[in-house]
Amino acid sequence: MKARRRVVTHGKAGQAGRGTPNAPAPNTRRTPTVRTFRSAILEPRPGSASRAAAAAVPASRPAAVAARSVAVDLTVDLGRGLVLRNPILVASGTFGYGVEYADVVDVDRLGAICCKGTTLRPRQGNRPPRVTETPGGMLNSIGLQNPGVDAVLDRYAAQWAGWQVPVIVNVAGESIEDYVGVVRKLDLVPGIAGIELNISCPNVGKGGLQFAIDQDAAAAVTRAVRRATELPLIVKLSPNVADIRPIAAAIAEAGADALSAINTLSGMALRADRTGPFLGNTYGGLSGPAIKPVALRIVYEVAQVVGIPVIAIGGVTGLDDVLDFLAAGAVAVQVGTAIFADPTLPARLVDELAAVCARRGLSRYDALVGTALPRRPGAASSKGVEYRP
């Protein structure tokens, strides 16, 4: 294996991790239960901002004084030299390759960009319809449409290399050879800061069984990719399993530097006349506020059994969601579906997180990480104990 190398991540090391302690008070939002996707993102619960702001400020210390006196360090180390200036990332499939949003968002303010899923060869994707809105979220069945890794590098790598924000390439495949082939092409390319392995793909060698739902398969693909590159390696977990803990532990043991959780849940929608499935591929991936409770549960369970960083994904629409995931053990979050309604949300969350830390007198945001975790590892939700009436 090649000697380890330090990944160039963001700007000037001395200032890159500093937050904005004088930022305005956040407009805190709590994820609703059952509403439409659009209202779930755009309509905060009545009174939530005022309650959260009151709770965040110690009674003995006015918010303005705290904000002026505390410089907040938001930097997060995801391992193998991948240090982000803040823990707010954008999720794969929702931010394109970053260039699509560069005219409306200051991408260098983000912690990192996880680009669209990339495969060894070009993919046309699934037949339409591919997307539909659901209560509290959306279903998508894009089918990993992308031009292939060679075209991605040719079109975007040079521009990524000029950005301060790290770009993490989401990699997908249908065999271990596919994954390794993509990663070898990405290795040592300027502008590539890391790999996010999307293992929620059908393993053609096992009759279409997803890598992500089989402990041995998940470990095998992780191990093979780890041997192929020294780039920081994040493996993305699927929620479509009974017990995520042994799978997460096996991936960590196989050499992953971090885990991201969760990928979408499998779902479907019907045509208006109820004569068949709405999506051209029948099934799609459910994302958005509706899946946050599932994501929160999985992050909570995974954080108790692995010693590597966990990045949370699933239903982030406001600061409350970020704080919840941090408390459940995540060190960073990815914003996904909410970007379709508000592309400026991720950058705004950076300011809001720094502001709430400053008001609490915290010099580092990681004091918020893991506060909800039990002192001893708890039982998995698959035990069924939690669901007894």
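Here's a quick rundown of the structure. (Residues numbered from 1 in each chain as written. Predicted model: local features only at pLDDT ≥ 70, side-chain atom pairs only at ≥ 80, totals over all residues. Heavy atoms only, no water.)

Its place among the elements puts Phe95 in the loop between strand E3 (88–90) and strand E4 (112–114). What makes Phe95 buried here is its relative accessible area of 0%. In the structure, Phe95 is positioned 21 residues away from Lys116 in sequence and 7.2 Å away in space, judged by C-alpha atoms. (Helix = DSSP H or I, 4+ residues; strand = E, 2+ residues; numbered from the N terminus. Buried < 20%, exposed > 50% of the residue type's maximum accessible area, 1.4 Å probe, protein only.)

Attention now goes to the packing of aromatic side chains. Per the counting criterion, the structure on display carries 4 aromatic pairs. Look at Tyr97 and Tyr156: their rings are 4.3 Å apart centre to centre, the planes differ by 15°, and that puts the pair in the stacked class. Remark: Tyr156 occurs in helix H4 (residues 149–161) and Tyr97 occurs in the loop between E3 and E4; sequence separation between them is 59 residues. Both residues of the pair, Tyr97 and Tyr156, belong to the buried class. Accessibility expressed as a relative area gives 13% for Tyr156, which makes it buried. Members of the aromatic cluster, each reached through a chain of ring pairs, are Tyr97, Tyr156 and Trp160. (Phe/Tyr/Trp six-rings, centres within 6.5 Å; stacked < 30°, edge-to-face > 60°.)

Taken as a whole, this structure holds 15 salt bridges when the rule is applied. Linking Asp73 and Arg364 is a salt bridge whose minimum nitrogen-to-oxygen distance equals 3.3 Å. With Asp73 in the loop between helix H3 (63–69) and strand E1 (76–77) and Arg364 in the segment after helix H10 (345–359), this residue pair connects regions lying 291 residues apart in the sequence. Using a relative accessible area of 18% as the deciding quantity, one classes Asp73 as buried. On the basis of relative accessible area, Arg364 is assigned to the partly exposed category, the value being 25%. Lys185 is the salt-bridge partner of Asp150, the closest N and O atoms lying 3.2 Å from each other. With a gap of 35 residues between them, Asp150 in helix H4 and Lys185 in helix H5 (residues 176–186) connect regions that are remote in the sequence. Given the relative accessible area of 45%, Asp150 is considered partly exposed. Salt bridges sharing partners connect three or more residues here, namely Arg80, Arg226, Glu230 and Asp257. (Salt bridge = Lys/Arg side-chain N within 4 Å of Asp/Glu carboxyl O.)

A cluster of nonpolar side chains, namely Met268, Leu270 and Tyr283, defines an oily patch on the protein surface of about 330 Å² accessible area. Structurally, Met268 can be placed in strand E13 (residues 265–268). Judged by relative accessible area, which is 42%, Met268 ranks as partly exposed. (Patch = residues over 30% accessible without salt bridge, like charges linked within 9 Å, V, L, I, M, F, W, Y side chains within 5 Å. Areas by Shrake-Rupley, 256 points an atom, 1.4 Å probe, with all protein chains shown as cover.)

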